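Residues per chain, in single letters:
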Amino acid sequence: MSPEKVRAFPIDRQVFLVRDVAAKLDKLHGETATSFWRAKAAELLDLVVGSGRDKATANDEVRRFFLAVQREMLVAAVARPAPSLSA
């Protein structure tokens, strides 16, 4: 197979990476969470551009990754047992 036909696995489908970032973000709040996400997004953007994609395509891939992280955080929140309240 020629190199121009080889594509990197999309970052939004890298389940371990999505779950890792979701778990870290779940523990952060406010500016700390925002700073973490901005740094991670910049790192991922550089990674995707470095793999040969143009900037617009790379931006789209990082957006899809962010949506995958949000979905993972939602699934984790729904799966958590609700706190029991006692009277």
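Refer to the preceding data block for the structure.
Residues numbered from 1 in each chain as written. Predicted model: local features only at pLDDT ≥ 70, side-chain atom pairs only at ≥ 80, totals over all residues. Heavy atoms only, no water.

Looking at the packing of helix H1 (residues 15-26) against helix H2 (residues 30-50)
For the pair H1 and H2, the least separation of the axes is 10 Å and the interaxial angle reads 160°. Here H1 lies roughly antiparallel to H2, going by the angle between them. Residues Leu17, Val21, Lys24 and Leu25 of H1 form the contact with H2, whose participating residues are Ala33, Phe36, Trp37, Lys40 and Leu44. For the contact of H1 with H2, the class distribution of residues is seven nonpolar, no polar and two charged. (Axes fitted to C-alpha atoms, helices over the stretch in contact; angles between N-to-C directions. Helix = DSSP H or I, 4+ residues; strand = E, 2+ residues; numbered from the N terminus. Parallel < 35°, antiparallel > 145°, perpendicular 65-115°, else oblique. Contact = heavy atoms within 4.5 Å. Nonpolar A, V, L, I, M, F, W, Y, C, P; charged D, E, K, R; others polar.)

Section: the pattern of salt bridges
In this structure the tally under the stated criterion is seven salt bridges. Put simply, Arg64 and Asp12 hold a salt bridge, and the shortest N to O gap is 4.0 Å. Linking Arg64 in helix H3 (residues 55-79) with Asp12 in the segment before H1, this pair joins segments that are 52 residues apart in sequence. The salt bridge partner of Arg53 is Glu61, with a shortest N-O separation of 3.2 Å. (Salt bridge = Lys/Arg side-chain N within 4 Å of Asp/Glu carboxyl O.)

Section: the nonpolar core
Counting 17 residues, the largest nonpolar core has Val21, Trp37, Val62, Phe65 and Val69 as its most contacted members. Where this core is concerned, the elements lending two or more residues are H1, H2 and H3. Broken down by element, this core gets its largest block of residues, six residues, from H2. Setting aside its immediate chain neighbours within four residues, Trp37 contacts Val21, Leu25, Val62, Phe65 and Phe66. (Core = buried A, V, L, I, M, F, W, Y, C linked by side-chain atoms within 4.5 Å. Buried < 20%, exposed > 50% of the residue type's maximum accessible area, 1.4 Å probe, protein only.)

Remarks on the packing of aromatic side chains
Per the stated rule, a full pass over the model turns up two aromatic pairs. Relative to Phe65, the ring of Trp37 lies with its centre 6.2 Å away and its plane at 10°, an arrangement referred to as stacked. Of the two residues, Trp37 sits in helix H2 while Phe65 sits in helix H3, which places them 28 residues apart along the sequence. A single burial state applies to Trp37 and to Phe65, both of which are buried. Look at Trp37 and Phe66: their rings are 4.8 Å apart centre to centre, the planes differ by 40°, and that puts the pair in the tilted class. Of this pair, Trp37 sits in helix H2 while Phe66 sits in helix H3, and the two are 29 residues apart along the sequence. The class of Trp37 is buried, set by a relative accessible area of 16%. Judged by its relative accessible area of 29%, Phe66 falls in the partly exposed class. Taken together, the ring pairs in this structure connect Trp37, Phe65 and Phe66 into an aromatic cluster. (Phe/Tyr/Trp six-rings, centres within 6.5 Å; stacked < 30°, edge-to-face > 60°.)

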